[in-house]
Amino acid sequence: MKHILLAVTGGIAAYKAIDLTSKLTQAGYEVRVMLSNHAQEFVTPLSFQAISRNPVYTNTFKEETPEEIQHVSLGDWADAIIIAPATANTIAKLSVGIADDIITSTLLATETPKFVAPAMNVHMYENPRTQHNIEVLRGDGYQFIEPGDGYLACGYVAKGRMEEPLQIVSVINQFFNNDKVSSDSSFSGKRALVTAGPTVEVIDPVRYVTNRSSGKMGFAIAEALRDKGAEVTLITGPTQLTDPTGINVIHVQSAEDMFNAVKERYDTQDIVFKAAAVSDYTPSEVLEHKMKKREGDLSVTFKRTTDILKYLGDNKKHQYLVGFAAETQNIEAYAQDKLARKNADVIISNNVGDQSIGFSSDDNELMMHFKNKDVVSIKKGKKVELAKQILDELETRWQ
């Protein structure tokens, strides 16, 4: 039986932690709970004790067992630690190494894998300082379970809701499954960044320019990397797909948004898959008001967007760079040209003119063009299966 240490901090979402304790117990985990002082303003230790059937820890200096140092032994006991909800305050304290209560002391004294489920007001979450603190913790090995969009206690309908308990349990299940089957993978423990989906380039408050990308191939690669044990960040434009669990998902709109999100994280990555269909052009001017219909034809002036793949190739240090080439003709020639011009390690090409394997299809057919001139064909199949084949081909090559 795996041991889960649940750290509950002081936000209104603390009530969800009671349900999370129940769901984890039902899933077969042994759960022990730590409550911060602020958490106890929302929930009581007795609730967690009744569900977990274990003591609840609230005080660093209340040693339940004289033979042990509590905040050290708790971390040693756990196979995984979940901070849920994680407030902005707790995230900030952890990012600078403050240890002023049972939770922060335990987390500072353990090397056990840690999962963080933030919950807070949308402005607090998006505040540059909070985002900086989150990136610091990611760099320290913390894995984040992104908050969802919805009605917040403050009245906003926005991002900031703690992920639902069932989804958190799914992430933990996935983690332990990966621990069993992926420890021998060359991707295990590595940081991988994947871009997916289209971008949206705004013309006016009503109109925009986009493309037909569904994001399915990029999402499949992100999930395959997760299943190989990688720590995955998925940067995606607007799609109709559900965010995969166990992956840090960042939503963007425009080509500029995607470039900035990728650039900010590039230095810390080991491998990057540039699978998004990023617009090559964006309107030179975004109109403040809706463009009215008029007589005659209409012209809109566009300017070039930043070539993200070229930027990554030009600034590559230790990263392994995988690009995609969605073409309708001269596919192999264009892919080889792109491989050289963008300084990529691999270009994966496909024929998006074939509707049976196009953007919206669940199927694909690919060719992998390697820097050493190797070419590997991947026969038509489901994108989720092709993603696994891509990683199998890269397993011994990419390092």
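Computed from a predicted structure; not experimentally measured.

(A) Structural view of the side chain of serine 349. Mapped onto the elements, serine 349 comes out in strand E18 (residues 346-351). Judged by its relative accessible area of 2%, serine 349 falls in the buried class. A polar side-chain atom of serine 349 sits 2.8 Å from a polar atom in the side chain of histidine 369. Excluding anything up to four places from it in sequence, serine 349 contacts Ala325, Ile331, Ala335, Glu365, Leu366, Met367 and His369.

(B) Quick peek at the packing of helix H9 (residues 216-227) against helix H13 (residues 383-394). Here H9 crosses H13 at 55 degrees, and the two axes come no closer than 8 Å. Taken as axis vectors, H9 and H13 run oblique relative to one another. Between H9 and H13 lies a crossing whose hand is right-handed. When H9 is examined against H13, the residues Lys216, Met217, Ala220, Ile221, Ala224 and Leu225 are found in contact with a partner set consisting of Lys383, Val384, Leu386, Ala387, Lys388, Ile390 and Leu391. Partitioning the contact of H9 with H13 into residue classes produces 10 nonpolar, no polar and three charged.

(C) Inspection of a negative patch on the surface at higher detail. On the surface, a cluster of negative charge is contributed by Glu63, Glu64, Glu68 and Asp76. If you trace the backbone, glutamate 68 turns up in the loop between strand E3 (56-57) and helix H3 (70-77).

(D) A look at the sheet that holds strand E14 (residues 271-274). Across the sheet, which stays open at both edges, the eight strands sit in the order E13-E12-E9-E14-E17-E18-E19-E20 with mixed pairing between neighbours. Strand pairing shows two members of the sheet lacking a second neighbour, strand E13 (248-251) and strand E20 (375-382), which therefore form its edges. Between one strand and the next, the sheet's axes are offset by a mean angle of 15 degrees, whatever the strand orientation. Where strand E17 (residues 320-327) and E18 come together, six bridges link them in parallel fashion.

(E) Local environment of the domain arrangement of the protein. The domain architecture assigned to the protein consists of domain 1 (1-177) and domain 2 (189-393). Relative to domain 2, the C-alpha centre of domain 1 lies at a distance of 34 Å. Facing 11 residues of domain 1, the contacting portion of domain 2 comprises 10 residues. Summed over both sides, the interface between domain 1 and domain 2 buries roughly 890 Å², with carbon and sulfur atoms accounting for 40% of that surface. Viewed at the interface, domain 2 and domain 1 are joined by one salt bridge. Residue glutamate 135 pairs with arginine 265 through a salt bridge whose shortest N-O separation is 4.0 Å. Summed over the shared surface of domain 1 and domain 2, the number is three residue pairs in polar contact (both at pLDDT 80 or more). Within the residue set of the side of domain 1 that touches domain 2, elements represented by two or more residues are helix H7 (128-139) and helix H8 (165-181). If one sorts the elements of the side of domain 1 that touches domain 2 by residue count, H8 sits on top with four residues. In the side of domain 1 that touches domain 2, the residues fall into two nonpolar, four polar and five charged.

(F) Broad picture of the nonpolar core. With 35 residues, the main nonpolar core has Ile221, Leu225, Phe273, Met368, Ile390 and Leu394 as its most contacted residues. The element best represented in this core is H9, accounting for seven residues. Discounting chain neighbours no more than four positions away, the residues touching leucine 225 are Phe187, Ala192, Val194, Ala230, Val232, Phe273 and Leu391. If you look at the next biggest cluster of nonpolar residues, it comprises 30 residues, including Val8, Ala14, Tyr29 and Phe175.

(G) Representation of the packing of helix H1 (residues 14-26) against helix H2 (residues 45-52) in the model. Two numbers describe how H1 lies on H2: the axes approach to 9 Å, and their chain directions differ by 10 degrees. The angle between H1 and H2 falls in the class roughly parallel. Within the contact between the two elements, H1 uses Ala14, Ala17, Ile18, Thr21, Ser22 and Thr25 and H2 uses Ser47, Phe48, Ile51 and Ser52. Grouping the amino acids of the contact of H1 with H2 by side-chain chemistry returns five nonpolar, five polar and no charged.

The rules behind each value
- Residues numbered from 1 in each chain as written.
- Predicted model: local features only at pLDDT ≥ 70, side-chain atom pairs only at ≥ 80, totals over all residues.
- Heavy atoms only, no water.
- Helix = DSSP H or I, 4+ residues; strand = E, 2+ residues; numbered from the N terminus.
- Buried < 20%, exposed > 50% of the residue type's maximum accessible area, 1.4 Å probe, protein only.
- Polar contact = N/O pair within 3.5 Å; in protein donor to acceptor, adjacent residues only side chain to side chain.
- Contact = heavy atoms within 4.5 Å.
- Axes fitted to C-alpha atoms, helices over the stretch in contact; angles between N-to-C directions.
- Parallel < 35°, antiparallel > 145°, perpendicular 65-115°, else oblique.
- Left-handed = near helix turned anticlockwise from the far one by under 90°.
- Nonpolar A, V, L, I, M, F, W, Y, C, P; charged D, E, K, R; others polar.
- Patch = residues over 30% accessible without salt bridge, like charges linked within 9 Å, V, L, I, M, F, W, Y side chains within 5 Å.
- Areas by Shrake-Rupley, 256 points an atom, 1.4 Å probe, with all protein chains shown as cover.
- Salt bridge = Lys/Arg side-chain N within 4 Å of Asp/Glu carboxyl O.
- Lys, Arg positive; Asp, Glu negative; His and termini not counted.
- Charge placed at Lys NZ, Arg CZ, Asp CG, Glu CD.
- Pairing = 2+ DSSP bridges.
- Domains from an automatic or database assignment.
- Buried area = accessible area lost by both parts, 1.4 Å probe.
- Core = buried A, V, L, I, M, F, W, Y, C linked by side-chain atoms within 4.5 Å.

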